[in-house]
Amino acid sequence: MNIILEENDLGFLAASYLKKRLKETGGKMVLGLPTGGTMEGFYKHLVDFYKAGQISFKDVITFNLDEYTGLSATSPQSYRYYMDKHLFDYVDIKRGNIHFPDADNENYEKACKDYEERITAAGGIDLLFGGVGRNGHIAFNESGTPFDIPTHRVKLAESTRKANARFFKGGIEDVPYYALTMGMGTILKAKEIIILASGENKAEAVYHAVQGNITTLWPVSALKEHKNSFILADAKALSLVSKSVLEEYKNCSLGQSCLNGQNGTK
Ligand code: GLP
């Protein structure tokens, strides 16, 4: 795992890195994409790059990390709606290349298996972006989730429902109790992972990712086992990490391990 401290614009740095990778790959990539407030800047910059003719999504395939159950895709709180309004409606992605777990399917085991099969058929995820929950969840993998689990249905932690209530008109009452999520196993199989964390309320999760033990209690700590994973965070999110540890990571840049040029883990 690598850590990058970015004081200015996390979203711009992440979007610029994706632009670079799209250029290197001739625009053909399979992406894992998240939702959440932290990612809004990232998508805004991607749309700007697209409008400026700097990137194209015509050969990009996307897999979103998660989706609530019990909301229709047209519900403004669904993650599908979020993605349409922040990215997909404004770029040249082919609708058939957009993938979500089928959270409407009552046979959720089938829906989860099908999602794994679609990811495998696409050749796996090249680059996965994510946010992190205050309790260290990635996608909707809550505390205690095994690291090898594939896409599955999850009962959301009360703290997660509470944190996400701000996106629902009726507050917490309206937040679904369940979601389908890529598992930690699915996420860790991505060739490269970039997690964005911003603000004080992410500091404890980031601390556990960087300085804590690898434990399912803090799902984000699983990234330590992935050599091409990056935590891109601002000073507030890194405020509990010791100065000496930050010093060790000062040469990190996205796509390049900071460990003396080695592609190691720390
Ligand atoms: C939700 C999503 C996560 C996201 C998290 C953080 O719970 N399922 O994928 O990482 O929110 O969101 P925010 O950036 O709004 O803090």
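Our subject is the structure that appears above.
In what follows, the accompanying structure is described. Since the model is a prediction, treat every value here as computed from it, not as a measurement.

**Describing the overall build of the protein**
Here's step 1: A tally of regular secondary structure across the protein gives eight helices and 10 strands.
Here's step 2: Expressed along its principal axes, the backbone C-alpha trace of the protein runs to roughly 50 × 40 × 35 Å.
Here's step 3: Sequence-distant contacts, at least 24 apart, represent 77% of the contacts inside the protein between residues at least 6 apart.
Here's step 4: Approximately 11,900 Å² of the protein is accessible, and the part contributed by carbon and sulfur atoms is 49%.
Here's step 5: Side-chain charges of the protein comprise 31 positive and 32 negative groups, with the mean position of each set lying 4 Å from the other.

**Focus: the packing of aromatic side chains**
Geometrically, a pair of aromatic rings is defined through the distance of the ring centres and the angle of the planes.
Here's step 1: Enumeration according to the criterion identifies nine aromatic pairs in this entry.
Here's step 2: Seen from their ring centres, F63 and Y115 are 5.6 Å apart, and the 70° between their planes marks the pair as edge-to-face. Taken together, the residues span a long stretch of sequence, with F63 in strand β3 (residues 60-64) and Y115 in helix α4 (residues 108-121) at a distance of 52 residues. No difference in accessibility class separates F63 from Y115, as the two residues are buried.
Here's step 3: Grouped by ring-pair contacts, the aromatic residues F42, Y43, Y82 and F129 constitute a single cluster.
Here's step 4: It is R153 that lies over the ring of Y108; its NZ or CZ is 4.1 Å from the centre.
Here's step 5: Taking the ring centre of Y178 as reference, the NZ or CZ of R153 above it sits at 4.0 Å.

**Observations regarding the nonpolar core**
Here's step 1: One finds F42, L46 and L87 to be the most contacted residues of the largest nonpolar core, which totals 81 residues.
Here's step 2: Among the elements that line this core, the one with the most residues is helix α1 (residues 10-24), at six residues.
Here's step 3: When sequence neighbours within four positions are dropped, the list of residues in contact with L87 reads L33, Y43, L46, V47 and F57.

**Some remarks on α1**
Here's step 1: With 15 residues, α1 extends 21 Å between its outermost C-alpha atoms, agreeing within 8% with the 21 Å of an ideal straight helix rising 1.5 Å per residue.
Here's step 2: If you check which residues of α1 are buried, you get L10, G11, A14, A15, Y17, L18, R21 and L22. The buried side chains of α1 occupy one side of the element, clustering within an arc of 155° when seen end-on.
Here's step 3: On its buried side, α1 packs onto β2 (29-33), α2 (40-51), β3, β6 (127-130), β9 (192-197) and β10 (229-233).
Here's step 4: Structurally, the start of α1 carries an N-cap: the backbone nitrogen of G11 is 3.2 Å from a side-chain oxygen of D9.
Here's step 5: After α1 finishes, the residue G26 shows a positive phi value of roughly 70°.

**Observations regarding helix α7 (residues 203-210)**
Here's step 1: Within α7, six of the eight residues are buried, which leaves the element mostly enclosed by the surrounding structure.
Here's step 2: Burial in α7 covers these residues: A203, A205, V206, H208, A209 and V210.

**Observations concerning the pairing of β6**
Here's step 1: Burial of β6 is two-sided: the residues L127 and F129 facing one way and the residues L128 and G130 facing the other way are all buried.
Here's step 2: As paired elements, β2 and β6 share two bridges and run parallel to each other. By the bridge assignment for β6, L31 is matched with L127.
Here's step 3: Where β6 meets β9, four bridges bridge the pair, whose relative direction is parallel. In the strand pairing of β9, L127 is matched with E192.

**A word on the sheet that holds strand β7 (residues 152-155)**
Here's step 1: Strands sit in the order β4-β8-β7 across an open sheet of three strands; the sheet is antiparallel. Edge strands, defined here as strands with exactly one partner in the open sheet, are β4 (66-68) and β7. Averaged over all neighbouring strand pairs, the angle between strand axes comes to 25°, with direction disregarded.
Here's step 2: In this sheet, strand β8 (residues 178-181) lies alongside β4 in antiparallel orientation, the contact comprising three bridges.

Conventions and cut-offs
- Here the residue numbering is sequential within each chain, running from 1 through the sequence in written order.
- Whole-chain, interface and lining totals are the exception, using all residues; otherwise, since this is a predicted model, local features are given only for residues with pLDDT of at least 70 and side-chain atom pairs are given and counted only at 80 or more.
- By convention in this description, side-chain values take in all heavy atoms of the structure and omit both hydrogens and water.
- Numbering of helices and strands starts at the N terminus; helices are DSSP runs of H or I of at least 4 residues and strands are runs of E of at least 2.
- Contact definition: two residues touch when any of their heavy atoms are within 4.5 Å.
- Here, Shrake-Rupley sampling with a 1.4 Å probe gives the accessible areas, and only protein chains in the shown set may cover a residue.
- Charge assignment in this entry is limited to Lys and Arg as positive and Asp and Glu as negative, and neither His nor the chain termini are counted.
- We put the charge of a Lys on NZ, of an Arg on CZ, of an Asp on CG and of a Glu on CD.
- Side-chain rings of Phe, Tyr and Trp, where Trp is taken by its six-membered ring, are said to pair if the distance between their centres is within 6.5 Å; with planes under 30 degrees apart they count as stacked, over 60 as edge-to-face, and otherwise as tilted.
- Buried, partly exposed and exposed residues are distinguished by accessible area as a fraction of the type maximum, computed with a 1.4 Å probe on protein chains only: under 20%, between the cut-offs, and over 50%, respectively.
- Two conditions define a charge sitting above a ring: the NZ of Lys or the CZ of Arg must be within 6 Å of the ring centre, and it must be within 35 degrees of the ring normal.
- The nonpolar core is taken to be a set of buried Ala, Val, Leu, Ile, Met, Phe, Trp, Tyr and Cys residues, with the residues joined through side-chain atoms within 4.5 Å.
- To estimate how far a helix should reach, multiply one less than its number of residues by 1.5 Å.
- Here, the arc refers to the directions that run from the helix axis to the C-beta atoms.
- Nitrogen and oxygen atoms within 3.5 Å of one another constitute a polar contact, given that in protein one can donate a hydrogen and the other can accept it, and given that sequence-neighbouring residues count only through two side-chain atoms.
- Two strands pair if DSSP finds at least two bridges between them.
- Only C-alpha atoms enter the line fits that serve as axes; for helices the fit covers just the stretch in contact. Angles between N-to-C directions range over 0 to 180 degrees.

Keep in mind that these numbers describe shape and distance, not what the molecule does.
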